[in-house]
Amino acid sequence: MANIENRKFIAIDISGKNYLSWVLDVKLHLSAKKLRHAIEEENVATNEERTTALIFLRHHIDDGLKYEYLTVENPLELWQNLNDRFEHLKAVVLPKALMIGHSYDFKTLKQFRNIIPCCSKLYHN
């Protein structure tokens, strides 16, 4: 339970269903910690920076993935392995999300926005 509480964001699921948001979260957090270069090609990260980045990555992956990549001791290698495993999801998830986003028309959204104040009045009365 303590493991969950110390996470900065949701760990990547073994199915990879949250891979795209996980990648963004990892990049943002490693950038904020000035460790993003540890997962980039031809990096000059120190041993301490690589170790810290690896601990961070391993802390934010599913236990099943953690055991599968147990012998990986380099954050760049782990990053690339996960990318190789889940990168195909971009071809599936992004077009689907775009299709859903384009299916809304402005008339429907405008009608929805008009309903919000009415519902708010009903809720507060």
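So, how was this worked out
Residues numbered from 1 in each chain as written. Predicted model: local features only at pLDDT ≥ 70, side-chain atom pairs only at ≥ 80, totals over all residues. Heavy atoms only, no water. Core = buried A, V, L, I, M, F, W, Y, C linked by side-chain atoms within 4.5 Å. Buried < 20%, exposed > 50% of the residue type's maximum accessible area, 1.4 Å probe, protein only. Helix = DSSP H or I, 4+ residues; strand = E, 2+ residues; numbered from the N terminus. Contact = heavy atoms within 4.5 Å. Axes fitted to C-alpha atoms, helices over the stretch in contact; angles between N-to-C directions. Expected span 1.5 Å × (residues − 1). Arc of directions from axis to C-beta. Lys, Arg positive; Asp, Glu negative; His and termini not counted. Salt bridge = Lys/Arg side-chain N within 4 Å of Asp/Glu carboxyl O.

Identification of the protein chain as UBN2_3 domain-containing protein from Cephalotus follicularis is taken from an unreviewed UniProt entry.

Engineer: Provide a residue-level description of the nonpolar core, including the pertinent values.
Structural biologist: For soluble globular proteins, nonpolar side chains are generally found buried alongside one another. Core analysis: the largest hydrophobic core is formed by 24 residues, its most contacted members being Trp22 and Leu82. Within the residue set of this core, elements represented by two or more residues are α2 (19-32), α3 (47-59) and α5 (75-86). The leading source of residues in this core is α2, at five residues. In contact with Leu82, not counting residues within four places along its chain, are Tyr19, Trp22, Ile61, Leu65, Tyr69 and Glu87.

Engineer: Would you mind going over the packing of α3 against α5 in detail, with residue names and values included?
Structural biologist: A pair of packed helices is captured by two measures, namely the crossing angle of their axes and the spacing between those axes. Interaxial distance between α3 and α5 falls to 8 Å at its minimum, and their mutual angle equals 35°. Residues Arg50, Ala53, Leu54, Leu57 and Arg58 of α3 form the contact with α5, whose own contacting residues are Pro75, Leu78 and Trp79.

Engineer: Any chance you could break down α2 for me, citing the residues and the numbers?
Structural biologist: Given 3.6 residues per turn, any residue in an α-helix points the same way as the ones three and four places further on. The first and last C-alpha atoms of α2 sit 20 Å apart over 14 residues, in line with the 20 Å expected at 1.5 Å per residue. Among the residues of α2, Tyr19, Trp22, Val23, Val26 and Leu30 are the ones counted as buried. Projected down its long axis, α2 carries its buried residues within an arc of 100°, all on one side. With respect to the buried face of α2, the exposed residues turned more than 90 degrees away are Leu28 and Ala32.

Engineer: Describe the side chain of Arg58, listing the residues and the values that go with them.
Structural biologist: Here Arg58 lies in helix α3. Despite being buried, Arg58 has no salt bridge partner; Asp63 is the closest side chain of opposite charge, sitting 7.9 Å away. Excluding residues that lie within four positions of it along the chain, Arg58 makes contacts with Lys66, Tyr69, Leu70 and Leu78.

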